[in-house]
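# Structural description and commentary
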Amino acid sequence: MVSLTARLVLLGGLWWTSVGCRPASGPVVPQPPVSPTLEQDGGTVRSLELGLETRYACMRRGKTLQCWGKGVLLPNGETASPEDRMSMPGSDIEGFAVGSDRICVVSSGTLRCWGHDEDDITPALDRETVEGPIEEVPSLLDVAEVRIHGTTVCANERSGSLVCWTYEEPLEDPYEHHDEAEEDPPWMERHEVAHEVIAFDPGEDFVCVVMAGGRLACSGSDPIHVDRADRAQEQCYDEVECDEGDEDEDEDEDEDDYCDEEHGEFECDAAYEDDLMTAWTDLVDIDGVPEPVEVAAGDTFACARTKRGHVFCWGDGDQGQLGHGTTRSSLSAVKVLDIDGAVAIDAGWAHACAVLGDGRVACWGSDRFGTVGSGTTAVATPRVIPGITEATDVVLTRDLSCAILRDGTARCWGQDPAGRVRGGGPPPRGIPPVATQGVGRLMPFGQDTCAGREDGSMVCWGQHELPNTHTVTAFAEPRPSPHAGLVQLLTVGPCARTSGDELRCWRSTAEMHEVGPTTLVVSKAVAADSNAFACAVTSDGHVHCWRPVSGKAPAPILVSSISEAVDVAVGKEHGCAVRRDGKVDCWELSATLSAPARRLPALDDAAQIAEGDGQLCVRTRAGRVRCWKEKELDEPSFDHPLEEVEAITAGTHHACALTKGQVWCWGNNGNEQLGSAAAGKSSAGPRRVPGLREVVEIAAGDAHTCARQRSGSVRCWGRGNEGQLGRLPTGWLAEPTPMLAPQWLEPRATKETTGRRARSGPP
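Procedures and definitions
- Residues numbered from 1 in each chain as written.
- Predicted model: local features only at pLDDT ≥ 70, side-chain atom pairs only at ≥ 80, totals over all residues.
- Heavy atoms only, no water.
- Helix = DSSP H or I, 4+ residues; strand = E, 2+ residues; numbered from the N terminus.
- Contact = heavy atoms within 4.5 Å.
- Expected span 1.5 Å × (residues − 1).
- Buried < 20%, exposed > 50% of the residue type's maximum accessible area, 1.4 Å probe, protein only.
- Polar contact = N/O pair within 3.5 Å; in protein donor to acceptor, adjacent residues only side chain to side chain.
- Phe/Tyr/Trp six-rings, centres within 6.5 Å; stacked < 30°, edge-to-face > 60°.
- Lys NZ or Arg CZ within 6 Å of the ring centre and 35° of its normal.
- Pairing = 2+ DSSP bridges.
- Axes fitted to C-alpha atoms, helices over the stretch in contact; angles between N-to-C directions.
- Disulfide = S-S within 2.5 Å.

The subject of this paragraph is the side chain of T306. Summarising the element assignment, T306 is placed in strand 21 (residues 301–306). Beyond its immediate sequence surroundings of up to four residues, T306 is in contact with V289, P290, E291, P292, V293 and F312.

With 18 residues, helix 1 (residues 223–240) ought to run about 26 Å at 1.5 Å a step, and its terminal C-alpha atoms sit 26 Å apart, in line with that. Buried residues of helix 1: P223, I224, H225, A229 and Q233, and no others. Where helix 1 begins, one side-chain oxygen reaches toward the backbone nitrogen of I224, 3.1 Å away; that side chain belongs to D222.

Tallied over the entire structure, the rule returns one aromatic pair. Above the ring of W349, the side-chain terminus of R398 is found at 4.5 Å from the ring centroid.

Attention now moves to the sheet that holds strand 38 (residues 518–521). Taken in spatial order, the four strands make up an open sheet running 35-36-37-38, and their pairing is antiparallel. The open sheet has two edge strands with one neighbour each: strand 35 (486–490) and strand 38. Taking each pair of neighbouring strands and ignoring which way they run, the sheet shows an average axis angle of 25°. As defined by bridge partners, strand 36 (residues 495–498) adjoins strand 37 (residues 502–505) across three bridges and the pair is classed as antiparallel.

The next subject is the environment of R228. With respect to the helices and strands, the residue R228 is situated in helix 1. The partly exposed category is assigned to R228, whose relative accessible area is 40%. Apart from the residues within four sequence positions on either side, R228 is in contact with D282 and V284.

For the rest of this paragraph, the subject is the sheet that holds strand 57 (residues 714–718). In spatial order, the strands read 55-56-57; together these three strands make up an open sheet with antiparallel pairing. In this open sheet, the two strands that pair with only one neighbour each are strand 55 (695–700) and strand 57. On average, adjacent strands in this sheet sit at an angle of 20° to one another, irrespective of strand direction. Relative to strand 56 (residues 704–709), strand 55 runs antiparallel, the two sharing five bridges. Each bridged residue has a counterpart across the sheet, and for A699 the counterpart in strand 56 is C706.

Not every positive phi belongs to a glycine, and E644 is a case in point at roughly 55°. With respect to the helices, strands and loops of the structure, E644 is situated in the loop between strand 50 (638–640) and strand 51 (645–650).

Let us now look at the state of the cysteines. Linking two cysteines covalently via their sulfur atoms produces the bond known as a disulfide. Tallied over the entire structure, the rule returns 15 disulfides. Disulfide partner of C535: C545, at an S-S distance of 2.0 Å. Residues C535 and C545 share a disulfide whose torsion about the S-S bond is about 105°; that sign makes it right-handed. Of the two residues, C535 is situated in strand 40 (residues 534–537) and C545 in strand 41 (residues 543–546); the sequence distance between them amounts to ten residues. Take C535: its relative accessible area is 0%, and that puts it in the buried class. Disulfide pairing places C617 opposite C627 at an S-S distance of 2.1 Å. Looking along the S-S bond of the C617-C627 disulfide, the torsion reads about 105°, which is the right-handed sense. One end of the pair, C617, is in strand 48 (residues 615–620); the other, C627, is in strand 49 (residues 625–629), and ten residues separate them in sequence.

What follows deals with the environment of P480. By the secondary structure assignment, P480 is in strand 34 (residues 479–484). Note: C-alpha distance between P480 and S457 (23 residues apart in sequence) is 7.8 Å.

This part is about the pairing of strand 20 (residues 292–297). With six of its six residues buried, strand 20 lies for the most part within the structure. For strand 20 and strand 21, the ladder comprises five bridges, and the chain directions are antiparallel. Among the inter-strand pairings, P292 is bridged to a residue of strand 21, identified as T306. Hairpin connection, strand 20 to strand 21: the antiparallel pair is bridged by three residues.

See below:
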């Protein structure tokens, strides 16, 4: 889980050691149990508590909490820069938890949290009692422990009472007028969950608990409650579905017979949200788990450890996270295969690990980020992690797994771009080339990249299922695609444009290995897509658009208000097309695509168009770049100070321009889409991407960009967590790696009375 805090005990001042012998990976073979109890060495013991979040890590030594990584949360809603290693507020901290939007600590039995902001983007747990940047929750007495998963916060009192908070946003009714100044802000909803709780763990908007008497139960949006709500919502949809022709009737003529399916579906959605909210007051029992003593929750699944050391899991299993040998989901608890004598468990996003009695660690589930260490995308049967022999605990998050060893050190594997394990080492210099040559055309494919070679063949890199036979360790290597003659790929559909100007669409990426039918005959101008719509210019100058429908081939609809088009761009709310006369017309993206067109003001020399980060940008025939905010298309444009621009491209939150063989980018830089961290978090104006020369083509994916150089070499930058840059992501840990304590965490010898580690539940 994202927020699990596990206690380390550091012996004799040792912080890292060399990797021990590596047992063969494969099925877990039961071994004689070894007691995880830690022995003192000369009476010198140092206690540490470790918390992992996807961007940063925190450790508590004694009563002090210190954090490092990317975006460490500070009071007042601010974040620390990656190179900072911060001491957190408070000097008497007894426990803590880290989440995506807040850090909480327990001090003298009081719960204190920070990360909320004045704009309520990240609301406080109890906004009525907040005074200052650090929130104190006075309604809880004698708090024993706090845990966080994502935005879900849970804390229990020593009496056994458990309280949780979930992040909530108002459901917007499309039939009501909304004034932005009067919109309700998001809030943290408080839930009184249960009493007599002896172990608990939150998942994504739910919590599972072990209660006195051995009762195991969950509440909130847990898999069982979600299944019930889903079935009720489907039944509601069936009841409000209009008969053919009913929706076309005039609402004013016969109000009793008028069928308003869209508003009816909104009522179903509202009822669905109400069902999940009331689920927090309804503990559903998890049967079939004898004598549970510990529970661990992931995003949409959970596991429990029994007194005899067996592990049972339930919920989503599509990534193998239930550990029962298949990828089938199960609403009832199923026994994890080959696990016997487990002494600790934890769950990440879609994977889980168990510490065995002999000190080894076995993991199962999604290996998308290398957190199971298998070299495949999913592992349905537990496998032993090589090199781990003396573990006492495990700490998991979405993209990283860490084992805590008997000597007090930690070893981690998975993906660590934030420097949580290595203490934030320097990033690689420059933008290395992708290991492929002879590229004649770039074809970004959402979060992946494909390229057409000069001989008509195609190679792809990234973790998308094109094809779906790659392994995790190989997804960054360009691999041949079964397709030939494609010149553009669209994720909405998916669809592809061929060299013969045919647009072919499929029901899924798996079908793309088939030839597929011709959907449209398109012009030389490229098609464009966003998350919700895709559009293409046909050879007669018309524009056709479609939206994704799961399991169905796209059905393009003619945009009746657009003609003489030569290029098209698609944003969140509008599509826009360049006309032959250099003017630009835009239309609202709706179900019917029948809204009248709006023309951009004072523009008659447009040559190319791109849309990203809520901006519409146009390259003019004179080689300039003019941009508009998508919601302010009637306002004057703002021009970027670039000349002789040859091409523009846009991702989801950034855009780039090619001029004189160099690349300039602007927009969000959260994934270094602007070419380097030195560009800051974002830039309204263009920043030159360093180290690039003789560029002849640029193409942007969701959060990355690739450039083709005159030599045929390709270089990519931006988000690379799925191999879309043509290399393994920064911080990829293919084997258990020692967690190096940052220099400021070097210990001082202290005398403590015990070396036992704290657990969230009974031993």
